[in-house]
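# Working through the structure, step by step
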Number of protein chains: 6
Amino acid sequence: MNSELTNAQRADVLIRALPYIKRYNNKIVVIKYGGSAMLSDDLKKAVMGDIVLLSLIGVKVVLVHGGGPEITDMLGKVGKKSEFLNGLRVTDEETADIVQMVLAGKISKGLVALIGNMGGKAIGLSGMDGGMIEAKKLDEKLGFVGDIVKVNPNPILDVLDKGYIPVISTLGYDNEGNCYNINADTAAASIAGTLKAESLISMTDTIGILRDQNDPQSLIPLIKVSDAPQLMREGVIFGGMIPKVECCIEAIRRGVKKVFILDGRIPHSILIETLTDEGSGTMFV
Amino acid sequence: MNSELTNAQRADVLIRALPYIKRYNNKIVVIKYGGSAMLSDDLKKAVMGDIVLLSLIGVKVVLVHGGGPEITDMLGKVGKKSEFLNGLRVTDEETADIVQMVLAGKISKGLVALIGNMGGKAIGLSGMDGGMIEAKKLDEKLGFVGDIVKVNPNPILDVLDKGYIPVISTLGYDNEGNCYNINADTAAASIAGTLKAESLISMTDTIGILRDQNDPQSLIPLIKVSDAPQLMREGVIFGGMIPKVECCIEAIRRGVKKVFILDGRIPHSILIETLTDEGSGTMFV
Amino acid sequence: MNSELTNAQRADVLIRALPYIKRYNNKIVVIKYGGSAMLSDDLKKAVMGDIVLLSLIGVKVVLVHGGGPEITDMLGKVGKKSEFLNGLRVTDEETADIVQMVLAGKISKGLVALIGNMGGKAIGLSGMDGGMIEAKKLDEKLGFVGDIVKVNPNPILDVLDKGYIPVISTLGYDNEGNCYNINADTAAASIAGTLKAESLISMTDTIGILRDQNDPQSLIPLIKVSDAPQLMREGVIFGGMIPKVECCIEAIRRGVKKVFILDGRIPHSILIETLTDEGSGTMFV
Amino acid sequence: MNSELTNAQRADVLIRALPYIKRYNNKIVVIKYGGSAMLSDDLKKAVMGDIVLLSLIGVKVVLVHGGGPEITDMLGKVGKKSEFLNGLRVTDEETADIVQMVLAGKISKGLVALIGNMGGKAIGLSGMDGGMIEAKKLDEKLGFVGDIVKVNPNPILDVLDKGYIPVISTLGYDNEGNCYNINADTAAASIAGTLKAESLISMTDTIGILRDQNDPQSLIPLIKVSDAPQLMREGVIFGGMIPKVECCIEAIRRGVKKVFILDGRIPHSILIETLTDEGSGTMFV
Amino acid sequence: MNSELTNAQRADVLIRALPYIKRYNNKIVVIKYGGSAMLSDDLKKAVMGDIVLLSLIGVKVVLVHGGGPEITDMLGKVGKKSEFLNGLRVTDEETADIVQMVLAGKISKGLVALIGNMGGKAIGLSGMDGGMIEAKKLDEKLGFVGDIVKVNPNPILDVLDKGYIPVISTLGYDNEGNCYNINADTAAASIAGTLKAESLISMTDTIGILRDQNDPQSLIPLIKVSDAPQLMREGVIFGGMIPKVECCIEAIRRGVKKVFILDGRIPHSILIETLTDEGSGTMFV
Amino acid sequence: MNSELTNAQRADVLIRALPYIKRYNNKIVVIKYGGSAMLSDDLKKAVMGDIVLLSLIGVKVVLVHGGGPEITDMLGKVGKKSEFLNGLRVTDEETADIVQMVLAGKISKGLVALIGNMGGKAIGLSGMDGGMIEAKKLDEKLGFVGDIVKVNPNPILDVLDKGYIPVISTLGYDNEGNCYNINADTAAASIAGTLKAESLISMTDTIGILRDQNDPQSLIPLIKVSDAPQLMREGVIFGGMIPKVECCIEAIRRGVKKVFILDGRIPHSILIETLTDEGSGTMFV
């Protein structure tokens with residue numbers, strides 16, 4: 001598709017990236033990756049390509065991934081049914097085991113391998129590695145669904161310092177040897193906050209926050225944290241978007257400079273957002 | 001059991017460890033961990049305790065683990081039967097997926113968590129992390145059973161350099177995105193050789209190599225690599241011990257100073273071997 | 001002009017730059033800058049933009065500039081006529097003074113200021129700074145026209161190490177306190193060779209080497225050093241291009257991996273050459 | 001004597017040392033060494049062995065030694081009689097000379113040699129080295145008995161940083177070139193305080209502080225600094241123990257975490273105190 | 001002239017330099033260099049010799065130079081007449097160009113070459129290099145005469161850190177690409193203040209501040225900053241010395257420890273002031 | 001005595017030191033110090049002043065001292081008579097003890113204190129410190145007179161690296177805990193050779209090597225190592241000077257660039273030799 005571009009156009013795209021490269025140089029960007037963008041092989045490659053590119057031009061990328069659909073899939077294979085309580089999966093010990101295997105064994109290491117094949121260097125970390133995420137039960141009735149007690153940034157910083165992209169599975173541990181499943185949006189916000197990241201990019205299956213659900217042109221490009229409660233009351237932010245937005249607000253509150261909700265279904269939406277003067281999705285400040 | 005010891009005896013044990021601590025100070029020791037020592041929770045804690053202790057007194061411990069029984073167990077849960085060819089599991093893509101999940105997701109991260117709970121710091125690495133183990137098919141008929149093409153020591157050294165114990169799942173990758181299951185003994189020997197480790201300790205379910213199978217007192221404490229072929233011909237080294245011994249010989253050949261086959265069923269056999277003037281098992285030089 | 005591009009096209013240009021960014025990461029690229037590209041303010045800005053961009057994405061750019069027309073201009077202002085001998089300016093002490101002022105005072109510092117205004121960091125160095133270029137008279141009749149005795153790479157490497165782009169005026173010194181004017185092509189080749197640069201990019205006022213002077217489509221994209229003598233004999237390489245090509249060959253011979261002759265009249269020809277799969281000009285290997 | 005221990009008992013002693021090794025890892029421990037423990041060759045070897053072991057497992061040991069009996073011995077040899085005032089030796093210039101020779105020449109260098117023979121690395125420092133201890137006269141009548149003006153921790157930290165055990169003779173200097181003899185307990189407390197040591201271990205010729213002098217079972221294992229005055233009033237702390245306890249209190253007051261008074265006559269009492277869950281002697285907190 | 005000195009006298013001079021060497025060791029000394037000391041070749045060599053010597057014994061020398069007479073000279077050569085306003089040269093764009101060439105091209109690089117020939121290592125920096133001096137117009141009527149907006153100390157510190165003597169031309173830049181001529185005394189004071197220099201040495205064509213203009217014996221060796229206004233009112237400080245003294249006071253106010261006005265016409269006045277117990281000129285504190 | 005010098009003369013002495021400072025910058029100079037220069041307090045101060053000055057201007061000075069007269073003196077005090085065999089003191093255990101105390105306790109620490117009082121930083125090292133000098137018996141009949149087995153340069157380099165002047169007592173140790181007295185000239189040559197020192201300066205009580213013993217004007221300023229045997233045969237080098245010269249030759253043979261024999265009775269002869277174009281004494285190359 002690029003074939004019709006002139007060299008001048010190519011050069012123009014690159015040279016316009018200059019101020020953005022300068023802005024993000026040596027800064028930490030946390031990317032929360034999940035949903036459709038993770039299920040399509042083509043989108044997955046595009047996202048990993050974007051990440052390797054950002055990493056090469058000096059951005060310290062931290063990748064935090066989810067994996068709900070693959071967990072459900074694996075639970076199905078072993079014939080385990082999940083019960084849900086307020087949208088959260090009741091996680092008994094056997095389920096926690098499957099979650100750990102799918103997130104830290106399959107998805108994380110799969111992304112690491114894909115980054116490697118695209119020319120980058122990554123290490124897959126879970127919340128247990130280096131004592132990164134200490135957790136406790138969120139609610140006795142939910143079993144091993146974790147509430148973050150403390151994020152230890154050192155394993156992430158050590159891995160970044162050695163030039164690797166950390167690929168993080170949002171599991172947590174406690175001192176009795178239990179493993180917890182932690183919501184990836186919550187964990188990404190908490191990690192970004194602890195790292196005082198320059199930005200947190202959250203990939204979703206929507207085009208961002210729309211003033212009118214029926215009108216894709218009504219995208220709200222920028223939301224001030226102080227205006228969010230009003231937008232929730234008005235129903236502009238609603239349903240599954242509410243906890244996501246709450247995570248965004250929490251991240252800002254803890255020192256992240258900018259938070260973006262991007263449409264993960266658009267290839268290279270990360271590059272477009274970070275390295276061009278175009279934007280897609282909604283930014284919180 | 002320690003309660004009857006006098007302080008003088010305690011001090012004596014500690015002070016006699018001095019020359020051994022000095023010898024291993026800042027040296028790399030690769031421990032291949034598998035078999036019974038991994039299935040019993042008590043033994044597992046004892047082994048992790050030994051590793052944390054060695055790490056604290058300045059030894060650079062690299063832990064390489066296996067996981068055959070747990071793989072079989074998980075394959076059973078998803079109703080997948082394994083076919084074997086010359087003792088090796090035919091590994092189709094679905095099986096490779098399960099192997100990856102069990103090794104890198106469950107066992108590795110479980111050991112990491114246990115090390116953390118005992119006061120150590122560990123990071124779980126697979127062969128994909130940082131491009132550590134490149135592999136190719138060992139035999140087309142075996143599917144994704146891997147033959148090591150190259151070991152890249154940098155991810156291991158980087159993680160050691162930051163003060164973590166690397167806990168390695170012996171998976172391999174190729175440039176087409178495949179994941180391979182690699183025999184843990186082979187991988188441990190190859191890793192120890194690449195790292196020019198001071199020693200490789202291989203934990204087994206036997207008490208070492210016996211001259212007379214029926215006489216546990218006939219343990220051979222030391223075998224010169226040059227004498228091994230004769231011992232194989234004589235049937236002293238036989239059956240499943242042959243490939244293990246071949247790995248030991250290969251490690252020595254690639255520059256590892258000493259290789260030990262230890263009885264993993266004895267608690268703290270690692271400490272006894274490394275920090276006391278007693279030994280258990282067989283040493284290859 | 002970029003306005004008609006879609007986001008997908010923009011992303012595509014960026015993502016295709018990935019392998020090139022990886023290739024040049026942390027490598028030294030020497031750019032010989034002169035001719036038309038230096039006289040037009042727009043082209044000058046475009047070149048400096050390219051250099052700042054390369055520098056930001058991790059390329060160690062060394063800029064070597066010429067300045068013949070501006071020297072002629074200044075000599076005119078002070079009413080000094082230049083005599084030429086075989087195309088080289090006879091340089092008496094007064095002329096040498098003017099050359100030093102124009103190169104090290106005006107052009108070098110002007111480029112440094114421009115790089116600064118575009119978001120980069122540069123330091124202007126002459127051959128005297130840190131004892132970089134020791135020279136002697138090329139020919140007694142030419143006066144202070146210098147022949148390089150030795151290039152000391154340390155001032156360049158020190159300045160690169162601190163994160164600055166060195167902007168080099170090709171003056172030389174001797175131990176009697178004389179200052180020499182050195183041909184910029186020769187100096188750039190010598191500097192690139194001493195630095196064992198990844199590549200040397202020489203900007204000219206031609207589109208590269210054409211097989212047929214009258215046919216711009218007949219550009220020879222790649223010349224093996226071993227084929228150059230034949231091309232000179234055939235007259236394909238001729239006139240003022242001969243010394244330039246000889247410098248290219250000398251650079252290759254001294255360890256530079258690739259040498260490019262680019263058309264400096266095309267905006268962003270450096271970016272197109274280094275970060276896209278398009279090329280312009282001729283490459284020597 | 002160890003010969004009757006089983007391997008399991010040996011392993012048990014080592015593994016129980018783990019939390020203690022962890023606690024003291026990279027921490028500074030100051031050991032005040034004198035009295036009987038210094039006069040018996042066997043005890044001296046035992047103490048140096050303990051120190052080398054602690055040093056090898058990552059403790060930063062600082063050894064401060066006394067030497068009263070050897071000074072008296074040497075003064076005898078040169079036919080010099082000492083006068084005492086309130087238990088302190090009146091130190092004229094000739095005596096100060098002898099003190100300096102015995103402490104810095106004989107004892108310090110002898111301990112350094114012994115540490116070397118046991119596999120450790122030490123450097124003998126006096127208060128003059130690197131300007132470590134500035135002193136002034138404690139009392140005009142006592143001559144060159146020193147009162148500490150300032151401890152400069154840099155020579156100690158520099159020597160530790162290079163991996164040596166500093167062995168310190170408690171001499172002091174002033175700006176007029178005089179050398180002072182300083183009480184070793186006082187100096188050790190002052191050094192430990194300046195270094196903000198993790199602990200100060202003071203070796204004595206008693207088993208610790210006894211509630212009833214006639215009952216060795218009445219050892220007080222722990223004394224709060226705030227309770228010490230009452231114990232002095234009650235006569236539980238009395239005689240020569242009073243100034244020692246005052247040094248312990250002063251060390252705690254200046255930031256040392258824990259201070260121990262150990263019985264130097266028991267071999268390896270340092271190891272038992274620091275690396276086992278047994279204790280001997282009295283701890284101040 | 002040295003030939004009549006005895007070795008004892010030579011040694012005495014050197015040994016008396018000891019406390020001064022100690023005082024200035026690793027400290028930053030800014031030298032403002034201009035006037036007669038710059039016009040005589042012998043004096044220039046003497047000053048550069050002093051600077052190389054100071055640099056070799058561990059002083060971090062920063063050289064700030066002027067160049068009024070050489071600018072006037074060059075303007076004359078191109079037939080450009082200067083107009084003056086309150087003693088300041090009206091600087092149109094063409095004049096600014098000449099100033100830049102003379103200062104950054106001729107004088108700075110000439111001093112760099114001279115330092116090199118005397119065994120030192122220098123790099124010539126202008127206010128544009130590394131974005132060192134941001135400036136704006138001092139007065140619209142004066143054209144490109146600059147008023148300092150901000151001094152960025154990093155290029156100076158980076159160059160010092162790599163072991164070079166920075167030789168600074170007092171030019172400034174703004175974000176529109178203009179180049180400004182800045183008074184060297186003002187710039188030196190501002191640079192010394194930003195660097196928190198140990199001392200600022202200002203070389204002039206007078207022997208210092210005299211209480212009685214007609215009596216060279218009436219030199220005031222030391223002036224407290226608080227006494228300066230009174231001395232101005234009394235006419236002791238008058239004429240061209242007033243702005244110089246104001247720069248000295250400004251430097252003291254911004255954290256420079258000591259400021260010296262030295263007679264640049266006396267060879268080696270810098271050495272005499274810094275390394276002997278003699279002084280020449282006037283010191284401000 | 002300096003009072004009659006003009007400032008110009010002072011400056012001249014300093015500026016002439018420049019090339020010498022440059023030559024010795026960051027180089028190791030070993031000074032063997034003994035004889036009369038050590039017995040006079042004034043000369044001692046002068047020597048220490050020279051050493052502090054050299055250290056401050058960037059020379060890495062290593063001071064090796066002797067102490068024969070002070071040993072004899074102390075042996076006298078304890079009523080111990082020395083027997084001599086071929087000019088070497090028969091050293092029984094008691095004598096060895098006294099030697100250790102006098103060298104490492106009195107002289108070394110005394111010099112350290114003096115250096116401190118003159119503004120330098122020193123640490124006194126003996127051959128035991130850090131395992132620096134391993135020795136064995138030179139001759140059974142001589143007792144603890146040592147022959148050097150090996151010099152370990154690390155303690156010297158570590159102490160230099162931290163900015164201290166090592167002051168070395170030439171004692172040696174063996175693995176049985178014995179302490180040996182080693183000839184200071186031999187030890188200095190061996191240390192200088194191991195350190196590949198730039199120069200070794202040996203202070204003696206003569207004015208150097210004279211062609212005619214009765215004519216102080218007949219000093220031989222330079223001797224080639226290859227010419228020394230002939231000079232010995234001729235009797236120009238004779239008596240106690242022979243072993244000294246043999247040490248000088250040995251040092252040159254082991255890689256020391258230049259060796260000087262200086263007259264220690266002349267104040268500041270070290271400074272005159274190293275920092276002026278005058279010389280005193282004899283140089284071996």
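Cut-offs and rules
- What you see as residue numbers is a count from 1 along each chain, following the sequence as written.
- Key to labels: chains lettered from A, ligands numbered from 1, both in the order written.
- Where local features are concerned, this predicted model is filtered to residues with pLDDT of at least 70; where side-chain atom pairs are given and counted, the filter is 80 or more; whole-chain, interface and lining totals use all residues.
- The helix and strand labels rest on DSSP assignments: H or I over at least four residues marks a helix, E over at least two residues marks a strand, and numbering proceeds from the N terminus.
- Values of the radius of gyration come from C-alpha atoms, whereas the globule rule sets the reference at 2.2 Å times the count of residues to the power 0.38.
- Here the C-beta atoms are placed from the backbone, and a residue counts as buried if at least 20 other C-beta atoms lie within 10 Å of its own, exposed if 12 or fewer do, and partly exposed otherwise.
- Contact between residues is assigned whenever the C-beta positions, reconstructed from backbone atoms, fall within 7 Å.
- Charged means Asp, Glu, Lys or Arg here, nonpolar means Ala, Val, Leu, Ile, Met, Phe, Trp, Tyr, Cys or Pro, and polar covers whatever is left, Gly included.
- In this description, strands pair whenever DSSP reports at least two bridges between them.
- In this comparison the copies share one frame, found by least squares on the C-alpha atoms of residues holding pLDDT of at least 70 in both.
- As a rule, the C-alpha atoms of each element are fitted with a line to give its axis, helices using only the stretch in contact, and angles between N-to-C directions run from 0 to 180 degrees.
- Every angle not falling under 35 degrees, over 145, or within 65 to 115 is termed oblique; those three ranges are roughly parallel, roughly antiparallel and roughly perpendicular.
- What makes a crossing left-handed is the near helix being turned counterclockwise from the far one by less than a right angle; a clockwise turn instead makes it right-handed.
- By definition, a nonpolar core groups buried Ala, Val, Leu, Ile, Met, Phe, Trp, Tyr and Cys residues that connect through C-beta atoms lying within 7 Å of each other.
- Take the number of residues in a helix, subtract one, and multiply by 1.5 Å to get its expected span.
- The arc under discussion is defined with respect to the helix axis, by the directions toward the C-beta atoms.
- Throughout, the bend at a residue refers to the angle made by two axes, fitted to the seven residues ending there and to the seven starting there.

## As for the overall build of chain A
A count of helical and extended segments in chain A gives 11 helices and 14 strands. Taking 285 residues into account, the globule formula puts the C-alpha radius of gyration at 19 Å, and chain A, at 19 Å, falls close to it. Overall, chain A is about 60 × 45 × 35 Å in size when its C-alpha atoms are taken along their principal axes. In chain A, which comprises 285 residues, the share counted as buried stands at 56%. Across chain A, the fraction of contacts at a sequence separation of at least 24, relative to all contacts at a separation of at least 6, is 72%.

## Examining the interface of chain E and chain C
With 32 residues of chain E in contact, the opposing surface of chain C contributes 32 residues. Contributions of two or more residues to the side of chain E that touches chain C are made by α6 (93–117), β5 (122–126) and α7 (154–161) of chain E. Looking at the side of chain E that touches chain C, the element that brings in the most residues is α6(E), giving 13 residues. Tallied by class, the residues present in the side of chain E that touches chain C amount to 14 nonpolar, 10 polar and eight charged.

## Some points on the sheet that holds strand β11 (residues 199–204) of chain E
Residue and element names in this part refer to chain E. As summarised here, the arrangement of the eight strands in space is β5-β8-β2-β1-β11-β13-β14-β12, forming an open sheet in which the pairing is mixed. Of all strands in the sheet, those with a lone pairing partner are β5 and β12 (222–223), marking the two edges. Pairing of strand β1 (residues 28–33) with β11, which is carried by four bridges, proceeds in the parallel orientation. Paired with V30 across the bridge in β11 is L200.

## Examining the relation of the copies chain E and chain C
Superposition record for chain E on chain C: RMSD 0.0 Å, screw rotation 180°, translation along axis 0.0 Å. With respect to symmetry, the two chain copies, as superposed, fit the operation of a two-fold axis. Considering only C-alpha atoms, the part of chain E nearest the rotation axis is E:G105, at 1.7 Å. Taken as a fraction of all interface residues of chain E, those also at the interface in chain C reach 100%, which identifies the copy contact as same-surface.

## Looking at unusual backbone geometry
In this structure, C:K196 is a non-glycine residue whose phi angle is positive, near 50°. For C:K196, a count of 13 C-beta atoms within 10 Å translates into the label partly exposed.

## Considering the interface of chain B and chain D
The partner chain D presents 33 residues to the 33 residues of chain B that form the contact. If you list the elements that add at least two residues to the side of chain B that touches chain D, you get α1 (7–16), α2 (18–24), α4 (41–56) and α11 (269–275) of chain B. When residues of the side of chain B that touches chain D are assigned to their parent elements, the largest contribution, 10 residues, is made by α1(B). Broken down by class, the residue content of the side of chain B that touches chain D amounts to 19 nonpolar, nine polar and five charged.

## Focus on the environment of F:I115
All names here are of chain F. Tracing the backbone through its elements, the reader meets I115 in helix α6 (residues 93–117). We classify I115 as buried; it has 26 C-beta atoms within 10 Å. Sequence spacing of I115 and I15 is 100 residues, and the spatial spacing of their C-alpha atoms is 26 Å. Here I115 is in contact with M48, I51, V52, G120, A122 and I165, once residues within four sequence places are set aside.

## Description of the pairing of strand β2 (residues 60–65) of chain A
Residues and elements named next belong to chain A. Among the six residues of β2, six are classified as buried, and the element is accordingly described as predominantly covered. Burial along β2 is two-sided: K60, V62 and V64 and V61, L63 and H65, pointing in opposite directions, are all buried. In terms of strand pairing, strand β1 (residues 28–33) meets β2 through six bridges, oriented parallel. Counted as the bridge partner of Y33 is H65 from β2.

## Considerations on the arrangement of the chains
One finds no contact linking chain B with chain E; the least C-alpha distance across the pair is 28 Å. Nothing in chain A touches chain F; the tightest C-alpha to C-alpha distance between them is still 28 Å.

## Observations regarding the pairing of strand β11 (residues 199–204) of chain D
Residues and elements named next belong to chain D. Burial within β11 is extensive, with six of its six residues counted as buried. The alternating pattern of β11 places S199, I201 and M203 on one face and L200, S202 and T204 on the opposite face, and all of these are buried. As paired elements, β11 and strand β13 (residues 258–263) share six bridges and run parallel to each other. Counted as the bridge partner of S202 is I261 from β13.

## Digging into the sheet that holds strand β14 (residues 282–284) of chain F
Residue and element names in this part refer to chain F. Spatially, β5-β8-β2-β1-β11-β13-β14-β12 is the arrangement adopted by the eight strands of the open sheet, whose pairing is mixed. The open sheet terminates on both sides in strands that have one partner only, identified here as β5 (122–126) and β12 (222–223). With three bridges connecting them, strand β13 (residues 258–263) and β14 associate as antiparallel partners. Residue pairing for β14: V259 is matched across the bridge by F284.

## Here we look at the packing of helix α6 (residues 93–117) of chain D against α6(F)
Between α6(D) and α6(F), the shortest axis-to-axis distance is 7 Å and the interhelical angle comes to 110°. Compared by their axis directions, α6(D) and α6(F) come out roughly perpendicular. Crossing handedness for the pair α6(D) and α6(F): right-handed. Between α6(D) and α6(F), the residues in contact are D:D97, D:Q100, D:M101, D:V102, D:A104, D:G105, D:K106 and D:K109 and F:D97, F:Q100, F:M101, F:V102, F:A104, F:G105, F:K106 and F:K109, respectively. For the contact of α6(D) with α6(F), a count of residues per class yields six nonpolar, four polar and six charged.

## Observations concerning the nonpolar core
If you look at the biggest cluster of nonpolar residues, it comprises 582 residues, and the most contacted ones within it are A:V30, B:V30, C:V30, D:V30, E:V30 and F:V30. Once residues lying within four places of it in the same chain are set aside, the contact partners of F:V30 are F:V62, F:V64, F:A188, F:I191, F:A192, F:L195, F:A197 and F:L200.

## What to know about helix α10 (residues 241–253) of chain D
Residue and element names in this part refer to chain D. Along its 13 residues, α10 runs 18 Å from first to last C-alpha, staying within 8% of the 18 Å computed at 1.5 Å per residue. Among all positions in α10, only M241, K244, V245, C247, C248, A251 and I252 are buried. Buried residues along α10 cover an arc of 155° about the axis, so they all sit on one side. In α10, the exposed residues that point more than 90 degrees away from the buried face are I242 and R253. Its buried side turned inward, α10 meets α8 (184–194), β11, α9 (228–233), β13 and β14 (282–284).

## Notes on helix α6 (residues 93–117) of chain C
Residue and element names in this part refer to chain C. Between its first and last C-alpha, α6 extends 35 Å over 25 residues, near the 36 Å set by a 1.5 Å rise per residue. Along its length, α6 shows its largest kink, about 25°, at V102. A large share of α6 lies buried, amounting to 20 of its 25 residues. Looking at the residues trailing α6, positive phi occurs at G119, about 100°.

## Points about the environment of E:M118
Residue and element names in this part refer to chain E. Residue position: M118 is located in the loop between α6 and β5. For the pair M118 and K45, spaced 73 residues apart in sequence, the C-alpha to C-alpha distance is 8.4 Å. In contact with M118, other than residues within four places in its own chain, are M48, G49 and V52.

## Regarding the packing of helix α5 (residues 68–77) of chain F against α6(F)
All names here are of chain F. At their nearest, the axes of α5 and α6 sit 10 Å apart, and the two run at 125° to each other. Regarding the angle of α5 to α6, the classification is oblique. Crossing geometry of α5 relative to α6 is assigned as right-handed. Residues E70, I71, M74 and L75 of α5 form the contact with α6, whose own contacting residues are T95, I98, V99, V102, K106 and I107. Its residues assigned to classes, the contact of α5 with α6 comprises seven nonpolar, one polar and two charged.

## Re the environment of F:A135
Residue and element names in this part refer to chain F. Within the element layout of this structure, A135 appears in strand β6 (residues 133–137). Through-space distance from the C-alpha of A135 to that of R265 is 32 Å; in sequence the pair is 130 residues apart. Excluding anything up to four places from it in sequence, A135 contacts G127, G146, D147, I148, V149, G172, Y173, D174, Y180 and I182.

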